[in-house]
Amino acid sequence: MTTRYPILRHRELRPRLRWSAWRQRRAPLVAQAGEILVHEIDGNHRTGAVDPARATAVTLVDVRPDVQLFATWHLTTSDSAARFPVRVTYHCTVMDPVTVVRGRRAGLWDPSWVLAQDPRPHHLHARHPEGDENGLRRSLTALLSPSPAPPLPGIRVELGHVDVGSAWPNDIDEA
C-alpha cells in the first residue's frame, strides 16, 4: 500500500517567474511504470502528449491495478463491554486519472480516509457475541460485497478481504 494513493505528486507551475517554478520546469515530473501524468492547461486536464510550457500544473497519478487500501473499525460485542477489531482490505484501480485529479480539487484526495468513513459497518455494533468472529466476518462480507465502498470518482473499488480479530475489553478510565 502506498501512503499517497492515487496522487503521488502535484506541482503548480505558474507563475513562471517564481524561482520554484523555474526549478520545477528544469526537473519535471516523470511517469514511471504504473504512473501517468495529468497536465492542467487553461483549466482543462489532459493526459498524453502536451506542451509542458503551456501547463499550469502537473499531477502524477498511480494507475497500477489492484492497489491495496485498508479501513479499520472497532465494533462492540452484544454481550459484554468488549469490541472486535475489524480490518477490511480493498483493491483499488484508477480508471480515469483526469477525474481523480478533479476530485483532488474538490477535496477527495485521500481514498483511505473516505473508505474508513463508511458508516455501514457500524450497523453491526452489538449484533454478535464475544467469540463470534466468523459470524461477524460473514455479516461484514455480505454487507460490503454488493457495493464495497462509498463512491470514489475515477477509482474502481473492490472488496478484498475482511479480517476480524478476537474481542478485547474496552479501555475504562477509572479517574
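## Structural notes on the overall build of the chain
Along the chain, the regular secondary structure elements total 4 helices and 8 strands. Seen in sequence order, the chain has helices and strands lined up from the N terminus as β-α-β-β-β-β-β-α-α-α-β-β. Just so you have it, the chain exposes about 9900 Å², and 53% of that area is on carbon and sulfur atoms.

## As for the pattern of salt bridges
Evaluated as defined, the whole model comprises 4 salt bridges. Among the ionic pairs, aspartate 42 bridges to arginine 54, the shortest N-O distance being 3.2 Å. Taken together, the residues aspartate 42 in the loop between β2 (35–41) and β3 (44–47) and arginine 54 in the loop between β3 and β4 (57–62) connect sequence positions 12 residues apart. Classification of aspartate 42 by relative accessible area gives exposed; the value is 59%.

Conventions and cut-offs
Residues numbered from 1 in each chain as written. Predicted model: local features only at pLDDT ≥ 70, side-chain atom pairs only at ≥ 80, totals over all residues. Heavy atoms only, no water. Helix = DSSP H or I, 4+ residues; strand = E, 2+ residues; numbered from the N terminus. Areas by Shrake-Rupley, 256 points an atom, 1.4 Å probe, with all protein chains shown as cover. Salt bridge = Lys/Arg side-chain N within 4 Å of Asp/Glu carboxyl O. Buried < 20%, exposed > 50% of the residue type's maximum accessible area, 1.4 Å probe, protein only.

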